[in-house]
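Chains, contacts and geometry: an overview
Listed below are the residues making up each chain.
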Amino acid sequence: NAGVTQTPKFRVLKTGQSMTLLCAQDMNHEYMYWYRQDPGMGLRLIHYSVGEGTTAKGEVPDGYNVSRLKKQNFLLGLESAAPSQTSVYFCASSYGLEGFTDTQYFGPGTRLTVL
Amino acid sequence: TQLLEQSPQFLSIQEGENLTVYCNSSSVFSSLQWYRQEPGEGPVLLVTVVTGGEVKKLKRLTFQFGDARKDSSLHITAAQPGDTGLYLCAGEGTYNTDKLIFGTGTRLQVFP
């Protein structure tokens with residue numbers, strides 16, 4: 001039981017490049033989330049999904065896109081990376097039985113640097 | 001927009017000392033969670049409090065939800081080096097119930 005896994009763990013991009021971050025969970029969770037963590041700002045929700053085939057915008061969605069084609073996977077895409085997107089990205093998942101207050105299980109994070 | 005502010009931002013103490021971390025807002029929250037995050041890892045849920053005035057204990061950690069559900073505190077008794085990490089509070093808003101709002105975090109370092 002791996003829980004929540006994220007790939008890659010580290011990435012360096014040049015401004016304007018694109019990339020996709022992959023999140024996978026093996027707990028059969030309905031809800032999945034993408035957050036970014038910046039110093040002194042806690043975790044901010046980028047996008048989330050309440051089930052396979054559904055996505056919704058969070059607090060800071062601009063510059064990002066997501067897809068949830070399979071229940072176990074949640075992809076975060078950056079179409080044209082900007083230095084402001086330098087951050088640590090966390091994926092999380094939860095059962096969703098109690099909405100968004102269910103225990104969220106987090107992955108280990110992806111550290112992204114945009115030059 | 002509902003915000004959660006944590007204080008202090010940084011805390012360095014010696015093993016065996018007691019400490020309290022605060023999570024404050026001007027808004028009411030339906031429930032509040034506390035997470036601990038160790039370096040290089042994702043946050044891990046410690047506790048959820050849902051009732052105003054509620055107190056929960058987890059070994060040496062005591063969590064309290066304010067009577068008005070606008071604030072919370074985490075008290076650690078006899079801190080140990082294993083308590084080192086980033087402590088985050090997160091609340092379910094009464095207005096924006098489609099997400100958790102995370103606090104700014106308190107980074108704790110406990111020296112042996």
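Above this text you will find the structure in question.
Here's what I pulled together on the structure shown here. (Residues numbered from 1 in each chain as written. Chains lettered and ligands numbered in written order. Predicted model: local features only at pLDDT ≥ 70, side-chain atom pairs only at ≥ 80, totals over all residues. Heavy atoms only, no water.)

Considering the overall build of chain B
Under the convention used in this document: A helix here means a DSSP run of H or I that spans at least four residues, while a strand means a run of E at least two residues long, and both kinds are numbered starting from the N terminus. We compute the radius of gyration over the C-alpha atoms and compare it with the globule rule, which gives 2.2 Å times the number of residues raised to the power 0.38. Throughout this description, buried means an accessible area under 20% of the type-specific maximum (1.4 Å probe, protein chains only), exposed means over 50%, and partly exposed covers the range between. Two residues form a contact once any of their heavy atoms are found within 4.5 Å. For accessible areas, the Shrake-Rupley method is used with a probe of radius 1.4 Å. Any residue's cover is judged against the shown protein chains and nothing else.
Counting its secondary structure elements, chain B contains zero helices and 11 strands. Each helix and strand of chain B, ordered N terminal to C terminal, gives the series β-β-β-β-β-β-β-β-β-β-β. Here chain B has a C-alpha radius of gyration of 13 Å; the compact-globule value for 112 residues is 13 Å, and the two agree. Taking the principal axes of the C-alpha coordinates as reference, chain B spans close to 45 × 30 × 20 Å. The proportion of buried residues among the 112 residues of chain B is 45%. Within chain B, contacts between residues separated by at least 24 positions form 55% of all contacts whose residues are at least 6 apart in sequence. Per element, the accessible surface of chain B, about 5,400 Å² overall, is 48% carbon and sulfur.

Focus: the interface of chain B and chain A
By a widespread convention, an interface's size corresponds to the accessible area lost as its parts come together. How we decide: Using a 1.4 Å probe, buried area is obtained as the accessible area two parts lose upon being combined, added over both of them. In what follows, salt bridge is the name for a side-chain nitrogen of Lys or Arg lying within 4 Å of a carboxyl oxygen of Asp or Glu. The term polar contact refers here to a pair of N or O atoms within 3.5 Å; inside protein, the definition further demands a hydrogen-donor-capable atom paired with an acceptor-capable atom, and it admits residues adjacent in sequence only when both atoms are side-chain atoms.
Each partner contributes residues to the interface: chain B has 20 residues there, and chain A has 18 residues. Both faces considered, chain B and chain A share a buried interface measuring about 1,400 Å² in area, 59% of it formed by carbon and sulfur atoms. Run the count over chain B and chain A and you get zero salt bridges. Where chain B touches chain A, the interface holds one residue pair in polar contact (both at pLDDT 80 or more).

Examining the layout of surface pockets
To keep things clear, this is the line we draw: Here a cavity is any set of points on a 1 Å grid over the protein atoms alone where a 1.4 Å probe fits but cannot get out, and a pocket is any open set with protein on both sides within 12 Å along at least 5 of 7 lines; a residue lines the site when it has an atom within 4 Å of a point. Grid points are joined across faces, edges and corners, and a volume is the space filled by probe spheres set on the points. As a working rule, the residues Ala, Val, Leu, Ile, Met, Phe, Trp, Tyr, Cys and Pro are called nonpolar, Asp, Glu, Lys and Arg charged, and the rest polar, with Gly in that last group.
Taken as a whole, the largest pocket encloses approximately 590 Å³ of empty space. As for the largest pocket, its lining consists of 28 residues, and the residues nearest its centre are Q37(A), V88(A), R111(A), Q37(B) and R107(B). Among the elements of the structure, strand 9 (87-94) and strand 11 (110-114) of chain A together with strand 9 (85-93) of chain B are those that each provide at least two residues to the lining of the largest pocket. Here the lining of the largest pocket gets three residues from one element, more than from any other, and that element is strand 9 of chain A. Of the residues in the lining of the largest pocket, the class split is 10 nonpolar, 12 polar and six charged.

Some remarks on the nonpolar core
What counts, and what does not: Throughout this description, the term nonpolar core refers to a set of buried Ala, Val, Leu, Ile, Met, Phe, Trp, Tyr and Cys residues connected via side-chain atoms within 4.5 Å.
Counting residues in each nonpolar core, the largest one holds 22 residues, and the members touching the most others are L19(B), L32(B), W34(B), F63(B), L74(B), I76(B) and L108(B). Mapped by element, the contributors of at least two residues to this core are strand 3 (19-24), strand 4 (29-37), strand 5 (44-49), strand 7 (61-65), strand 8 (71-76), strand 9 and strand 11 (106-111) of chain B. Aside from chain neighbours lying at most four places away, what touches L74(B) is L19(B), T20(B), V21(B), W34(B), L61(B), T62(B), F63(B) and Y87(B). In terms of nonpolar packing, the next biggest core, distinct from the first, is built from 20 residues, M32(A), I46(A), F74(A) and L78(A) among them.

Focus: the environment of V60(A)
Residue and element names in this part refer to chain A. By the element assignment, V60 lies in the loop between strand 6 (56-57) and strand 7 (64-67). A C-alpha to C-alpha distance of 4.8 Å links V60 and I46, two positions 14 residues apart in sequence. Beyond its immediate stretch of four places on either side in the chain, V60 contacts R36, R44, L45 and I46.

Thoughts on the sheet that holds strand 7 of chain A
All names here are of chain A. Test applied: For two strands to be treated as a pair, DSSP must find no fewer than two bridges joining them. All axes here are fitted lines through C-alpha atoms, helices being fitted over the stretch that makes contact, and every angle between N-to-C directions spans 0 to 180 degrees.
Taken in spatial order, the four strands make up an open sheet running 1-3-8-7, and their pairing is antiparallel. Two strands lie at the open edges of the sheet, namely strand 1 (4-7) and strand 7, each paired on one side alone. If you compare each strand with its neighbour and ignore which way they point, the axes differ by 20 degrees on average. As defined by bridge partners, strand 1 adjoins strand 3 (residues 19-25) across four bridges and the pair is classed as antiparallel. The residue of strand 3 that forms the bridge with T5 is A24.

A closer look at the pattern of salt bridges
Residues and elements named next belong to chain A. Under the counting rule described, the total for this entry stands at five salt bridges over all chains. Taking the shortest distance from any N to any O, the salt bridge between D38 and R36 comes out at 2.9 Å. Neither D38 nor R36 differs from the other in exposure class; each is buried. It is possible to trace a salt-bridge network through shared partners that takes in R36, D38 and R44.

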